[in-house]
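In case you want the letters, here they are:
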Amino acid sequence: MILILKLCFSVLFPLSLGYLFLKLILRNLSLTHFTSVFLSYGLGTGAISLWMLCLKIFQMPISTVSVTAPLTLIFLTLFIIKLLLFKSPNETLRVWPKQSKNSLLPTNLFNTIFMYVARAYILIMIVFIFFEALFYPIESWDTFATVTFKAKALFMDNDIALKNLPRAAYPLHVPFLQVWIANNLEQWHESFIKIIFPISTLTYLMLHYDFLKTLTNRFLAHLGVLFCLSSAFFVYHSTIGYRDLTQMFFNCGTVILLILWSKDKNSKILVITGILSGIGSFVKLEGTGYLLIHGLLLLYILYEEKALTLKTKIKHLLVFLIPSIGICSFYHIYKYVNKILSLANRGAYDSSVHLGKRLLKFLEEFIWNLYFTGNWSVTWLILLATLLIYYKRLKTNKEARLVFVALSLFFGLYFYVSIFTNSFVSIAGEESYTVLSRIILHFFPLSTLLIALLLKKEQC
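Quick caveat, the model's predicted, so the values are computed rather than measured. (Residues numbered from 1 in each chain as written. Predicted model: local features only at pLDDT ≥ 70, side-chain atom pairs only at ≥ 80, totals over all residues. Heavy atoms only, no water.)

A. Spatial organisation of unusual backbone geometry. In this structure, Gln59 is a non-glycine residue whose phi angle is positive, near 55°. Relative to the helices and strands, Gln59 is located in the loop between helix H2 (33-57) and helix H3 (64-85). Unlike most non-glycine residues, Arg167 shows phi in positive territory, near 50°. Looking at the secondary structure, you find Arg167 in the loop between helix H5 (141-156) and helix H6 (173-185). (Helix = DSSP H or I, 4+ residues; strand = E, 2+ residues; numbered from the N terminus.)

So, in structure tokens, the structure goes:
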């Protein structure tokens with residue numbers, strides 16, 4: 001029982017810390033409860049991992065006291081500042097308006113049955129994910145080779161320098177969180193350290209549901225969550241120790257928040273979005289490239305806003321880039337100072353490129369993975385059919401268009417990296433069997449969002 005309580009503290013502390021940061025930034029803005037939980041967990045875990053990075057950079061030990069005590073002090077200080085200086089606003093502004101009655105589906109037998117069945121399936125899958133994560137020890141190769149090995153080494157020996165860890169260029173958000181949990185448990189627990197993955201899945205699905213419920217209706221919101229949980233690969237990675245599920249959490253969350261921001265252009269939401277994107281760059285090496293994608297998506301949003309002046313657009317861009325690049329560059333500067341290859345020599349131009357052969361191989365591998373592996377159920381096939389039937393709605397449905405642009409940018413990024421750099425072997429070469437699916441997972445939920453948004457007119 002004591003161990004369970006310690007595990008609960010490991011989850012509730014970052015949630016509480018993140019929630020306070022969120023309220024301090026938003027002040028008189030109100031988010032839905034599900035979205036607040038998602039952001040609280042993302043901000044809280046990011047604060048913990050970045051603080052642990054600071055401790056290691058300054059050669060200080062990582063322990064329960066050195067991590068929890070300073071963050072608790074910051075927590076209490078911010079709470080007191082909020083109570084003393086920030087008076088409650090006379091009016092609370094809702095970033096996402098309440099759902100209108102017109103967007104609710106009429107009550108009938110089919111919809112009632114669907115809702116109950118969908119909720120039962122979602123509950124069963126969430127319970128299954130937590131069970132698989134917490135009752136089975138880590139067993140996957142990359143968790144031993146690149147992730148949990150680092151966490152266990154740091155937990156057992158505080159004197160290890162980050163530059164001496166294997167694959168030192170890899171970001172440390174997930175290993176640091178596992179060290180945080182082990183420190184709180186006061187022991188190394190092979191399964192409990194995986195609690196961060198089912199929690200990430202649960203909180204992300206909350207945001208996913210909120211987004212669709214607000215922009216479409218409850219039917220399509222449930223359908224979007226069902227599409228995610230119908231993916232065997234999505235569910236599997238919610239239970240193991242790879243970093244790809246966590247990368248998906250920050251990547252797709254940032255895209256959703258950018259679309260949220262595009263509705264009312266509130267700078268506070270953009271600040272949080274920039275922080276989230278920056279933390280995502282500390283999960284995997286790909287996170288730095290995704291920050292670029294997020295910036296390009298923001299530029300596209302600003303391009304479409306013809307009413308905004310150039311000065312205002314530059315201001316919005318800086319509000320996003322300053323926190324995101326600031327957080328991203330923190331670890332890159334550390335690696336540069338310690339002469340660590342920042343991107344582990346990935347992305348270097350390959351002069352021996354055979355464009356025709358590589359292009360065909362790239363298309364073959366992506367098509368096979370999307371439609372024939374069974375990793376994603378039939379989601380990508382449904383998306384293809386939905387796009388062919390309702391492609392005209394991309395012109396009138398702004399949110400659907402932005403999700404489509406985001407997906408196009410992600411595919412475009414990997415098209416370039418695969419065709420023109422030495423990463424071809426991992427993405428479309430002989431290593432693609434184990435790597436490509438994990439790459440697609442980083443943005444897979446966007447496909448389910450696009451399906452629901454394109455079907456919006458049919459269902460509302």
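B. Region of the structure containing the packing of aromatic side chains. In this structure the tally under the stated criterion is 31 aromatic pairs. With a centroid separation of 4.7 Å and 25° between ring planes, the pair formed by Phe131 and Phe135 is classed as stacked. Residue Phe131 and its partner Phe135 are both found in helix H4 (residues 109-135); the two are separated by 4 residues, about one turn of the helix. When the ring of Phe282 is compared with that of Tyr331, the centres are 5.3 Å apart and the planes differ by 75°; the resulting orientation is edge-to-face. Taken together, the residues span a long stretch of sequence, with Phe282 in the loop between helix H11 (267-280) and helix H12 (286-304) and Tyr331 in helix H13 (residues 310-337) at a distance of 49 residues. Take Phe282: its relative accessible area is 3%, and that puts it in the buried class. The ring of Trp261 is capped by Lys265, whose NZ or CZ atom sits 5.8 Å from the centre of that ring. The ring of Tyr303 has Lys306 lying over it, and the distance from NZ or CZ to the ring centre is 3.9 Å. (Phe/Tyr/Trp six-rings, centres within 6.5 Å; stacked < 30°, edge-to-face > 60°. Buried < 20%, exposed > 50% of the residue type's maximum accessible area, 1.4 Å probe, protein only. Lys NZ or Arg CZ within 6 Å of the ring centre and 35° of its normal.)

C. Layout of helix H1 (residues 2-26). Over its 25 residues, H1 runs 36 Å from end to end, which matches the ideal 36 Å to within 8%, given 1.5 Å per residue. Residues Leu7, Ser10, Val11, Phe13, Pro14, Leu17, Gly18, Leu20, Leu22, Leu24 and Leu26 constitute the buried set of H1. (Expected span 1.5 Å × (residues − 1).)

D. Broad picture of the packing of H1 against H11. Following both chains from N to C, one finds H1 and H11 inclined at 145°, their axes separated by 9 Å at the closest point. Read as a crossing pair, H1 and H11 show a hand that is right-handed. On the side of H1, the interface is formed by Leu22, Ile25 and Leu26, while H11 contributes Lys268, Ile269, Ile272 and Ile275. In the contact of H1 with H11, the residues fall into 6 nonpolar, no polar and 1 charged. (Axes fitted to C-alpha atoms, helices over the stretch in contact; angles between N-to-C directions. Left-handed = near helix turned anticlockwise from the far one by under 90°. Contact = heavy atoms within 4.5 Å. Nonpolar A, V, L, I, M, F, W, Y, C, P; charged D, E, K, R; others polar.)

E. Seen up close, the environment of Val37. Within the secondary structure, Val37 is located in helix H2. Taking C-alpha positions, Val37 is 9.9 Å from Leu22, a pair spaced 15 residues apart along the chain.

F. Quick peek at the nonpolar core. The biggest cluster of nonpolar side chains holds 142 residues, and the ones touching the most others in it are Phe176, Leu229, Phe234, Trp380, Phe443, Leu446 and Leu450. Those residues in contact with Phe234 that lie beyond four places of it in its chain are Thr201, Leu205, Cys228, Leu229, Leu245, Met248, Leu441, Phe444 and Pro445. (Core = buried A, V, L, I, M, F, W, Y, C linked by side-chain atoms within 4.5 Å.)

G. How the structure looks around H5. Of all the bends found along H5, the most pronounced is centred on Thr148 and spans about 55°. Of the residues making up H5, those classed as buried are Asp142, Thr143, Thr146, Val147, Thr148, Lys150, Ala151, Ala153 and Leu154. (Bend = angle between axes of the 7 residues up to and from the residue.)

H. Highlighting the pattern of salt bridges. Taken as a whole and judged by the stated rule, the model has 11 salt bridges. One salt bridge connects Arg438 with Asp244, and the closest N-O pair in it is separated by 3.1 Å. Of this pair, Arg438 sits in helix H19 (residues 432-441) while Asp244 is found in helix H10 (residues 244-264), placing the two residues 194 residues apart along the sequence. For Glu286, the salt bridge goes to Lys284, with nearest N and O atoms at 3.7 Å. For the pair Glu286 and Lys284, one class covers both residues: buried. Connected through salt bridges with shared partners, the residues Asp142, Asp244, Lys284, Glu286 and Arg438 form a single ionic network. (Salt bridge = Lys/Arg side-chain N within 4 Å of Asp/Glu carboxyl O.)

I. Up close: a nonpolar patch on the surface. On the surface, Leu359, Leu363, Ile367, Trp368, Phe372, Phe415 and Tyr416 cluster together to form a nonpolar patch covering roughly 700 Å² of accessible area. Of all the secondary-structure elements, those providing two or more residues to the nonpolar patch are helix H14 (355-371) and helix H17 (398-420). Considering every element that reaches the nonpolar patch, the biggest residue donor is H14, with 4 residues. Along the chain, Leu359 turns up in helix H14. (Patch = residues over 30% accessible without salt bridge, like charges linked within 9 Å, V, L, I, M, F, W, Y side chains within 5 Å. Areas by Shrake-Rupley, 256 points an atom, 1.4 Å probe, with all protein chains shown as cover.)

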